[in-house]
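Architecture at a glance
Read off the chains here:
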Amino acid sequence: MKTLIPFLEDMRSHLGTNYRKIVADAGYESEENYEYLKKNDMASYIKPKTYECEKKRSFKNAIGNRENMTYDRVTDSYICANGKRVECQGTKKGKSRNGYVTEKTVYACHDCAGCPYKKDCIRGNNSKLPLEQREKHFEVSKRFLELRAEDKERIASEEGKMLRMNRSIQSEGAFADVKETQLFRRFLGTGHLNALTETVICVLAHNFNKLHHKIQNGTQGRYLFPLKNLA
Ligand code: SF4
């Protein structure tokens, strides 16, 4: 997650330009990354961390998940499975290692006493308070939700699907080639310089191989596979 911005800064310093569309897997999702991409005029195509599990029945049935509560924009509160309000308590700020400031809104329900859903709704078995005395609370960054919603719209589009499929082929395929075909499993030398040298040789070999295959198959100039090729 913390490597995305340095990667992109490094690429820009070498290429002198930004890529306009950034496709990355769920490990790269963060508000800071979304915000950085937006500010630098790059569209994010990042799979949200919860993207796959949101489709699962277990996630949809988990009444304690904020996503399964009804949000009331007027009062800035959520309505829980027991029909009670989980209300806004205020905000708190946090700062990342890079100095990015995020603001989270804290929500809590003060009406949880005697709730029959409590055991399923309130998680955290490490709490010293007995369950009867506990209340539901969670915190969320509204800005993060906003940016994630924009991102989700992009990745669900036809273009988004095509780009994600190609990311998977290109990056995961490269790892597979290096590890399985070239059998490159560990560095032979020690130290940064030796590791970098071996990496460059390994990457060159991969790229030569790829170019060779492209020439053999007459597919030079084709950078992306269309979606219809997805079997
Ligand atoms: S524990 Fe509280 S928030 Fe959860 S369902 Fe019951 S009343 Fe609602």
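Located above this text is the structure these notes cover.
Here goes a summary of the coordinates provided. Here the structure is a predicted model, which means the values were calculated and not measured.

What follows covers the overall build of the protein. A count of helices and strands for the protein gives 7 helices and 7 strands. When the elements of the protein are put in sequence order from the N terminus, they spell out α-β-α-β-α-β-β-β-β-α-β-α-α-α. Radius of gyration (C-alpha) of the protein: 23 Å, far over the 17 Å computed for a compact globule of 231 residues. The dimensions of the protein, computed from C-alpha atoms along their principal axes, are 70 × 45 × 35 Å. Residues classed as buried in the protein amount to 29% of the 231 residues present. Expressed as a percentage of contacts within the protein between residues at least 6 apart in sequence, the contacts between residues at least 24 apart total 54%. The distance from the centre of the 42 positive side-chain charges to the centre of the 30 negative ones in the protein is 3 Å.

Once that is clear, we can look at empty space enclosed by the protein. Under the defined criterion, the tally for this structure stands at 2 cavities of 30 Å³ or more. As for the largest cavity, its lining consists of 15 residues, of which Cys80, Asn82, Cys112, Cys115 and Cys121 are closest to the centre. For the lining of the largest cavity, the per-class residue count stands at 10 nonpolar, 1 polar and 4 charged. Of the volumes computed, that of the second largest cavity is approximately 40 Å³. Leu8, Met11, Arg12, Leu15, Thr17, Asn18, Tyr19 and Met42 are the residues that line the second largest cavity. Tallied by class, the residues present in the lining of the second largest cavity amount to 5 nonpolar, 2 polar and 1 charged.

Calculation criteria
- Residues numbered from 1 in each chain as written.
- Predicted model: local features only at pLDDT ≥ 70, side-chain atom pairs only at ≥ 80, totals over all residues.
- Heavy atoms only, no water.
- Helix = DSSP H or I, 4+ residues; strand = E, 2+ residues; numbered from the N terminus.
- Rg over C-alpha atoms; globule rule 2.2 N^0.38 Å.
- Buried < 20%, exposed > 50% of the residue type's maximum accessible area, 1.4 Å probe, protein only.
- Contact = heavy atoms within 4.5 Å.
- Lys, Arg positive; Asp, Glu negative; His and termini not counted.
- Charge placed at Lys NZ, Arg CZ, Asp CG, Glu CD.
- 1 Å grid on protein atoms, 1.4 Å probe; cavity = no way out; pocket = protein on both sides within 12 Å on 5 of 7 lines; lining within 4 Å.
- Points joined across faces, edges and corners; volume = space filled by probe spheres on them.
- Nonpolar A, V, L, I, M, F, W, Y, C, P; charged D, E, K, R; others polar.

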